[in-house]
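Each chain is listed here by its residues.
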Amino acid sequence: MNKALDVRGLTTRFETRSGMVTAVNGVSFSVERGRIMGLVGESGSGKSVTGFSILGLIDEPGKVVAGEVLVDGQDLRALSPDAVRRLRGARVAMVFQDPMMTLNPVLRIGDQMAMAVRVHEKMSKRTAWEKARQTLEIVGIPSPAERLKAYPHQLSGGMRQRVAIAIALLHRPSVIIADEPTTALDVSIQGQILAEVRRLADETGTAIVWVTHDLAVISSLADDICVMYAGRIVERGPAEDVIGAPRHPYTVGLIGSVPSLHEPGTPLPQIPGSTPQLSNLPTGCPFRPRCPRATDICASEPPIVGEGDHTVSCHHPMEAP
Amino acid sequence: MADTVSAPVEARPARFRNFCADFARSPVAVISLILIFGLLFVSFAAPLVSPQDPYDLAKLDWLDAFLKPGTVGSGGYVHILGTDNAGRDMLSAIFYGLRTSFVIGLSAGVLALVIGICLGLAAAYFGGRIEALIMRIVDLQLSMPAILLALVLVAVLGQGVGQIILALVVAQYAYFARTTHGAATVERGKDYIEAARSTPLPTVRVLFRHLLPNVLPPLIVVATVQVASAIALEATLSFLGVGLPLTEPSLGSLIANGFKYIHTDRYWLSIYPGIFLMVTVVAINLVGDQVRTVLDPRQNR
Amino acid sequence: MKEPLLTVESIHKRFTRKPGLVMRGIDRLSGRSSGTTVHALSDVTLSVAAGEVLGLVGESGCGKSTLGRIISGIYTPSDGRVLLDGAPVARARGNNIEKLTTRVQMIHQDPFASLNPRMKVGETIAEGPRVHKLASAGDVRKRVRDLLQQVGLEGAYADRLPHQFSGGQRQRIAIARALAMEPDLLVLDEAVASLDVSIQAQVLNLFMELRRKLDLTAVFISHDLSVVRHVCDRVAIMYLGRIVELASARELYEKPQHPYTKALFASVPTLGTGRAAFQPIKGEIPSPLNPPKGCAFHPRCPMAGPRCRVDLPALKPVAGTATTVACHLNDGGTGIEKGSHAA
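The rules behind these values
Residues numbered from 1 in each chain as written. Chains lettered and ligands numbered in written order. Predicted model: local features only at pLDDT ≥ 70, side-chain atom pairs only at ≥ 80, totals over all residues. Helix = DSSP H or I, 4+ residues; strand = E, 2+ residues; numbered from the N terminus. Rg over C-alpha atoms; globule rule 2.2 N^0.38 Å. Buried ≥ 20, exposed ≤ 12 C-beta atoms within 10 Å, placed from the backbone. Contact = placed C-beta atoms within 7 Å. Axes fitted to C-alpha atoms, helices over the stretch in contact; angles between N-to-C directions. Parallel < 35°, antiparallel > 145°, perpendicular 65-115°, else oblique. Left-handed = near helix turned anticlockwise from the far one by under 90°. Nonpolar A, V, L, I, M, F, W, Y, C, P; charged D, E, K, R; others polar. Pairing = 2+ DSSP bridges. Expected span 1.5 Å × (residues − 1).

J.: Would you take a moment to explain the overall build of chain C for this structure?
T.: Helix and strand content of chain C: 10 helices and 14 strands. Against the globule reference of 20 Å for 343 residues, chain C gives a C-alpha radius of gyration of 22 Å, in line with a compact fold. The principal-axis extents of the C-alpha atoms in chain C amount to approximately 70 × 60 × 40 Å. Considering chain C as a whole, with its 343 residues, one finds that 48% of them fall into the buried category. Taking the contacts inside chain C whose residues are at least 6 apart along the sequence as the reference set, 63% of them involve residues at least 24 apart.

Right under this line is the structure:
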């Protein structure tokens, strides 16, 4: 019973012009302390909305309509909005793709970090700055004392993202949700941050949900992977199993279309069609229209099959190795 | 390799239908729009719908002067809004006056729009000295009250519909130029403009086929507001006595004429044209407001 | 070897921000200049042979997009020449740039921004050929349909507006627009970077198929090393406005020469290598406003010696290969005693 985060049956809907759209459809997963869970999917898969839903950050016209979000065994969905706000930042924190979502452009890094510290803990300003300095050191920022005096615009994109991660870490939360945090960064900077995040998870015991579209990033970072498609988790399991021996036809197609696995110049295996419109999903398995293995039975809800930790939601999964 | 054919494009509701649906969300705006169409109709169909031709001096009877609203005059019909000092049926005068106001407001608005668009586009697209020159002139002009500028111009040019339109255009084009410039500066940096330039397409084509259609939405909003303000400006000029003579009634000259009697109990001479003017200007502004709300990208889902 | 189709001859590109009126006055009084100049490209020379696909790879600030825009005739170089079959691509005329050829066409990164949102896609494709009289008015409609089919879309889509298409479909339309001009050279600026992985594979396949069919020559700009490896014949690695390594794709990926290239490969996570198998490059990318002296990579380079801090390395061929690399290691050493560092 070491679950830092346990999500059960999370469902989020949005009201749009073309009617009610279910962006997250009965998503369940759990993350243990010190482990990194990769939430992978393409645009419209609901991976980011899942992250936002966990933290209760869904605004009109969206609404979390069902599910439980247990952080250290406590259900966030059963708490009042005020209580959730108090827990946010302290026990669950978020890192966004754009660090400027977290950072205030007109405040020095040290001031905003100290402020964030003192929201949840009573301490002097001086102690708060010291705590901020230590946290910057933890995320591997060189000469942290000087960075504290800088304004966000004086830092590079990679450095800003490190500061955002440091702010998320301030209160040693049980869970950090990171939404595409390295997508906008250069590869060499991304590499630095990934290495740092891996170390943080191992050393601090924080559970991390890493939301991304990038299979290569997630395969080198995560312990476990959930693959999302059209608002559902279609495959889950230990990272090496999901990447090494995928069983859902969608995961197979996704991994197959990565160029580095093929002889240069040869045609890439491709998934036909476009990413789905949530307002217009087929019955049963949402991947059915693009799936090479689809048959008539796929119009009914797919069963969850698999051994142990590695499961897929599919009528015709690939053979287990 | 025919298997690269992607999934069929789904038919989404057309933009115009969405626009109408969003617009209709505000009942006030819908009522305003209906009002505007009603006013446009009675003004342009004034010769057909008004009981009297207020221009035709032969039809005016001194005996009918200052009849109260609702009185039957020598013509044998009810003067719903009364008559003025010359025995003119107020309702007819207002319909005709409204027509003059609309003609002046719309033509001044459209002309100012065209001139403003050309200047704003040129400034945004060419940049450098051209931009500096055009935009400084525009800034200079925007720092002066429009009414002052229009007054001076009418004083110089003389009275008449054409002169007033010209004065209003000069007083108002700057708003369009600035709005166009602002929107076009944003759009100019976008990739589709770069793509058009790198094809390469002729500059005029890039300006009018690519840049212009994409800066039009904010201009529509400015245009509605500016038509309303042109109507109000014209009324102000006429009220001040430098606009149109009473023989060619606009709402402003009607109000000015009635104003002389405001301290007697003959309130209807100025109140009713005033109400029509106010309703027209407010209705246009309300419609403009709703159009702005609908076109606001932050509203889109 | 046959004549190259495109030659880029030692071009430089400087972007200067002139100080405002007030600052100019202050400058005059103080005798300093507050205008800023960014050297986006410094002394870049390369050529592309007909039928070849050249990859331009680098991180932000390396100048790859600027180079692509200069080749496409959207910018002109501050110094040096860009010639297509011996003729310049564009020339500067006052504030504006006049593009002199239709033979180079560009495909942008973001298909949501590169199509005029208020123009039917058929018109977007037909516009160029019609203006340049590449086809008669009657033929244009048929040509648009053919092009749409060629990029894997239905001809009937010509009457739709861009917002009715998905990102991948829009990128196909952008490709059709470029092909409509019958270009000799395509410049693709991160053309698949904003697409979903599964859609990216579709567009890459389309590109490779069109390349075979139409014998296309292309400059393929990307930050994604695996994509570049898949579609390019030769690759130029750029860092802070300069080419640091130019090699055939095979040689580059088998035996990278420049320490930056090696570090780049090491820091990219790849599928199937397992957890945390990457070693990131230390340090930040320097600002192009204020690049380091000597070799621009020396502050981050594990092999840097004293010479790297002062001396700018030139692109020199590597013995026994077709690779050229700008590194002192390949040119007499970094100024450290031989054998004092492990390779």
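J.: I tried to follow the interface of chain C and chain A on my own but got confused; where do I start?
T.: The parts lose accessible area when they come together, and the size of an interface is often stated as this lost area. Listed by partner, the interface residues are 38 residues for chain C and 40 residues for chain A. Tallying contributions element by element places helix H6 (residues 197–214) of chain C first for the side of chain C that touches chain A, with 8 residues.

J.: What am I meant to see in the packing of helix H10 (residues 251–259) of chain B against helix H11 (residues 268–295) of chain B here?
T.: To describe two helices that pack against each other, one gives the angle between their axes and the distance between the axes. Residue and element names in this part refer to chain B. Close contact between H10 and H11 brings their axes to 7 Å; oriented N to C, the two are set at 155°. With respect to H11, the axis of H10 lies roughly antiparallel. Between H10 and H11 the crossing geometry is left-handed. For the pair H10 and H11, the contacting residues are Leu251, Leu254, Ile255, Asn257, Gly258 and Phe259 in the first and Leu269, Ser270, Pro273, Gly274, Phe276 and Leu277 in the second. Considering only residue class, the contact of H10 with H11 consists of 8 nonpolar, 4 polar and no charged.

J.: Sorry, what's going on with the packing of helix H3 (residues 121–131) of chain C against helix H4 (residues 137–150) of chain C here?
T.: Residues and elements named next belong to chain C. One way to put it is that H3 packs onto H4 with a least axis distance of 9 Å and a crossing angle of 130°. Accordingly, the angle class assigned to the pair H3 and H4 is oblique. The handedness of the crossing between H3 and H4 is right-handed. Note on element contacts: H4 touches H3 through Ala137, Val140, Arg143, Val144 and Leu147, opposite Gly122, Ile125, Ala126, Pro129 and Arg130. Here the contact of H3 with H4 is built from residues that sort into 7 nonpolar, 1 polar and 2 charged.

J.: When you look at the sheet that holds strand E12 (residues 242–248) of chain C in this model, what are you seeing that I'm missing?
T.: The pairing of strands in a sheet happens through backbone hydrogen bonds and is either parallel or antiparallel. Residue and element names in this part refer to chain C. The strand order across the open sheet formed by 8 strands is E8-E9-E10-E3-E11-E12-E14-E13, and the pairing between neighbours is mixed. Two strands bound the open sheet, and with one partner strand each, they are strand E8 (104–107) and strand E13 (316–317). The pairing of strand E11 (residues 234–239) with E12 spans 6 bridges and is antiparallel. Within E12, the position partnered with Met238 by the bridge is Ile243. The sheet strands contacting helix H2 (residues 64–71) are strand E3 (53–57), E8, strand E9 (185–189), strand E10 (217–222) and E11, and the helix crosses E10 at an angle near 155°.

J.: Help me understand helix H3 (residues 109–120) of chain A in this model?
T.: Residues separated by three or four positions in an α-helix point in the same direction, a consequence of the helix having 3.6 residues per turn. Residues and elements named next belong to chain A. Taking 1.5 Å as the rise per residue, H3 with 12 residues should run 16 Å; its terminal C-alpha atoms sit 18 Å apart, in good agreement. Within H3, the full set of buried residues consists of Ile109, Gly110, Gln112, Met113, Ala114, Ala116 and Val117. Summarising the contacts, the buried residues of H3 are in contact with helix H4 (125–138), helix H5 (144–148) and helix H6 (157–169).

J.: Is there a simple way to think about the sheet that holds strand E3 (residues 36–40) of chain A in this case?
T.: Residues and elements named next belong to chain A. Read across the open sheet, the 8 strands follow the order E6-E7-E8-E3-E9-E10-E12-E11; overall the sheet is mixed. Edge positions in the open sheet fall to strand E6 (92–95) and strand E11 (304–307), since each of these has one partner strand only. Mean inter-strand twist for the sheet, computed between neighbouring axes without regard to direction, equals 20°. When strand E9 (residues 224–229) meets strand E10 (residues 232–238), the two strands line up antiparallel, connected through 6 bridges. In the sheet register, Met228 faces E10, and the bridge partner there is Ile233.

Taken by themselves, the reported measurements are silent on function.
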